[in-house]
Amino acid sequence: MVDLDKIKNFAVIGGGIMGSGIAQVALLTGYEKVMVIDLSTEILEKSKTLIQQRIEALESEERCNEFFSYHEIFKNLDFKKKLESYESVGIVANKVDTRTIMNRLCTETKISKGVRDADFVIEAVSEKLKLKQKIFEQLGESCTAQTVMASNTSTMSITKIAKDCKRPEKVIGMHFHTFFPITGVLIEITPGEKTSEESLELGREIAQRFPSILGDRFTVQLEKESPGLIANRLAITGSLYFNWLMNQAIDNGISREQLAAANISSETADLIGIDTIYYCAKYFEETVSPEFAPSKRITELFKAGKFGRKVGEGFYKWNEDGPIKNLPPVEKKTTDFLADVLDLEIISAIQLNEACRMLEEGVIKSYELIDEVILKGTFMPGPFTLGKTKFKEWVEKLDEFARKSGITYLIPCDMMRSGRFLEFK
Ligand code: NAD
């Protein structure tokens, strides 16, 4: 049995999109000290301001609605519901104000200093393997022997990340499935080859306690490592279809503005971060198949430093209110092209195939659990919901698409072709 009361000091490495969000949920959970560590005091000041604004946004209905209005899912949530999870951890009920909460936040530029009294550490630096390996080597040197060290990696192997860490049994994966940890519920926990059961148990308990505006957390533990874990693995494989569609559009003289005007939009990519998407695609290219290489457009934006909302420009330019779109009206040529080419069922078939591969590899034992993970992570039904009955039709669709597109990675695996996944309920 883990003793959560012993976890008082929390440290987050990296105060970017994810690090500041993770620090916010850690503060709201009530840890005595939350330390954010990043490269410079300027970055740390920015992170602190963001955290403060987001906590203040929970103080009144008006601010809350304004702050969370950017996404459809949050528009219709009532204020009480938004605050429920805060009440459950005593923040609102005890009338603790933002200032008191912010007093528990500390910042530091030196990892060795920042983590030396930490009971739990989450790393959220850029998605680069060598950088993460270096950080975990330092953590192994500087943390206490009891400290569990987690990585929020979106794609990478925990075994590889912990390669040079002195205490690999203390290293786990803890992935928040959203670019804004307070508004998501799904957290995926992954072991590395040397991770101890005790470290995983602590990770699960800690993850389960983080408040979320959408209610209780849903924490799932993978049986073994998987590139992209569960939800990102399906999303990244699905993006092979979108990359193909974009290329077809360009070949047919359809501009990116026209696609955006027709709602084939890349706004989410800007919110996630173009650099993160680029690094994730690179990791898949190197470890899964060369067919995952970052698309031409993502590479162009990455090389130009247009990393999305966090730097003010990506697919779109951004201001305080959101993306500046100025999109043209949709032309007939565009609607005709999409009517001919767009087939969203192919994405479902691609995701069913990938989910079957996960069952084949033993990443997870039940297909119902995969569907639940997808539902909790994306609020959309998982691939088996329809795939259970449509898999034969989808096998044919996917065979044809793999032939037409030349993307061999998408050829259905035996588990999907045979329907044997049905045994993994
Ligand atoms: P980000 O670019 O917003 O932040 C990364 C931060 O790490 C930056 O502030 C950077 O200065 C800092 N950093 C870099 N090197 C450092 C070092 N040596 N020491 C301390 N800090 C350092 O990126 P992000 O979107 O927050 O992603 C962080 C991690 O979380 C990545 O592994 C990413 O894959 C994962 N993740 C991202 C998302 C998302 O939607 N953006 C969602 C889930 C998980």
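Residues numbered from 1 in each chain as written. Predicted model: local features only at pLDDT ≥ 70, side-chain atom pairs only at ≥ 80, totals over all residues. Heavy atoms only, no water.

(A) Just the packing of aromatic side chains, in detail. For the coordinates displayed, the defined rule picks out 18 aromatic pairs. Measuring from centroid to centroid gives 5.4 Å for F176 and F210, while their planes differ by 45°, and the two rings are tilted. Here F210 lies in the loop between helix 10 (197-209) and strand 8 (218-221) and F176 lies in strand 6 (residues 171-176), a separation of 34 residues in the sequence. Grouping residues by exposure puts F176 and F210 together as buried. Arranged with centres 5.3 Å apart and planes meeting at 50°, the rings of F384 and F421 form a pair that is tilted. Of the two residues, F384 is situated in helix 19 (residues 383-405) and F421 in the segment after helix 20 (414-418); the sequence distance between them amounts to 37 residues. Within the aromatic cluster, the residues linked to one another by ring pairs are F10, Y31, F120, F176 and F210. (Phe/Tyr/Trp six-rings, centres within 6.5 Å; stacked < 30°, edge-to-face > 60°. Helix = DSSP H or I, 4+ residues; strand = E, 2+ residues; numbered from the N terminus. Buried < 20%, exposed > 50% of the residue type's maximum accessible area, 1.4 Å probe, protein only.)

(B) Molecular detail of the domain arrangement of the protein chain. Structurally, the protein chain comprises domain 1 (4-221), domain 2 (231-341) and domain 3 (345-423). Computed over C-alpha atoms, the centres of domain 2 and domain 3 are 23 Å apart. Listed per partner, the contact involves 14 residues of domain 2 and 20 residues of domain 3. Across the domain 2 to domain 3 interface the summed buried area is about 1500 Å²; carbon plus sulfur atoms make up 74%. Put simply, R233 and E361 hold a salt bridge, and the shortest N to O gap is 3.0 Å. Where domain 2 touches domain 3, the interface holds five residue pairs in polar contact (both at pLDDT 80 or more). Of the residues in the side of domain 2 that touches domain 3, the class split is nine nonpolar, three polar and two charged. (Domains from an automatic or database assignment. Contact = heavy atoms within 4.5 Å. Buried area = accessible area lost by both parts, 1.4 Å probe. Salt bridge = Lys/Arg side-chain N within 4 Å of Asp/Glu carboxyl O. Polar contact = N/O pair within 3.5 Å; in protein donor to acceptor, adjacent residues only side chain to side chain. Nonpolar A, V, L, I, M, F, W, Y, C, P; charged D, E, K, R; others polar.)

(C) Structural view of the nonpolar core. Among the nonpolar cores identified, the biggest contains 73 residues, and I13, V115, L139 and F384 are the most heavily contacted of them. Looking at which element gives the most residues to this core, the answer is helix 17 (residues 344-361), with nine residues. When neighbours within four sequence positions are excluded, F384 is seen to be in contact with L352, A355, C356, L359, Y367, I370, D371 and F421. In terms of nonpolar packing, the next biggest core, distinct from the first, is built from 45 residues, L27, Y31, L58 and F176 among them. (Core = buried A, V, L, I, M, F, W, Y, C linked by side-chain atoms within 4.5 Å.)

(D) Spatial organisation of the pattern of salt bridges. One pass over the full model with this rule turns up 24 salt bridges. The residue D275 makes a salt bridge to K310 at a minimum N-O spacing of 2.9 Å. Taken as a pair, D275 in helix 14 (residues 274-287) and K310 in the loop between helix 15 (296-303) and strand 9 (317-319) lie far apart in primary sequence, 35 residues in all. For D275, a relative accessible area of 9% puts it in the buried group. On the accessibility criterion, K310 (34% relative accessible area) is partly exposed. For K397, the salt bridge goes to D343, with nearest N and O atoms at 2.6 Å. Note that K397 is positioned in helix 19 and D343 in the loop between helix 16 (332-341) and helix 17, a separation of 54 residues in sequence. Owing to a relative accessible area of 22%, K397 belongs among the partly exposed residues under this scheme.

(E) Main features of the sheet that holds strand 6. Here we have eight strands laid out as an open sheet, ordered 3-2-1-4-5-6-7-8, and mixed in their pairing. Looking at strand neighbours, the two that pair on one side only are strand 3 (105-108) and strand 8, the edges of this open sheet. On average, each strand axis in the sheet is inclined to that of its neighbour by 25°, with strand direction left out of account. In this structure, strand 2 (residues 33-37) lies alongside strand 3, joined through four bridges in parallel fashion. Pairing of I37 across the sheet is with E108, part of strand 3. Against the sheet, helix 2 (residues 41-56) touches strand 2 and strand 3, its axis set at about 165° to strand 3. (Pairing = 2+ DSSP bridges. Axes fitted to C-alpha atoms, helices over the stretch in contact; angles between N-to-C directions.)

(F) A look at helix 10. For helix 10, built from 13 residues, the straight-helix expectation of 18 Å at 1.5 Å per residue is met to within 8% by its first-to-last C-alpha distance of 19 Å. Within helix 10, burial applies to S199, L200, L202, G203, I206 and A207. Down the axis of helix 10, the buried side of the element spans an arc of 160°, and every buried residue falls inside it. Tucked into the core, helix 10 has its buried residues touching strand 1 (9-13), strand 4 (120-123), strand 5 (148-151), strand 6, strand 7 (186-191) and strand 8. (Expected span 1.5 Å × (residues − 1). Arc of directions from axis to C-beta.)

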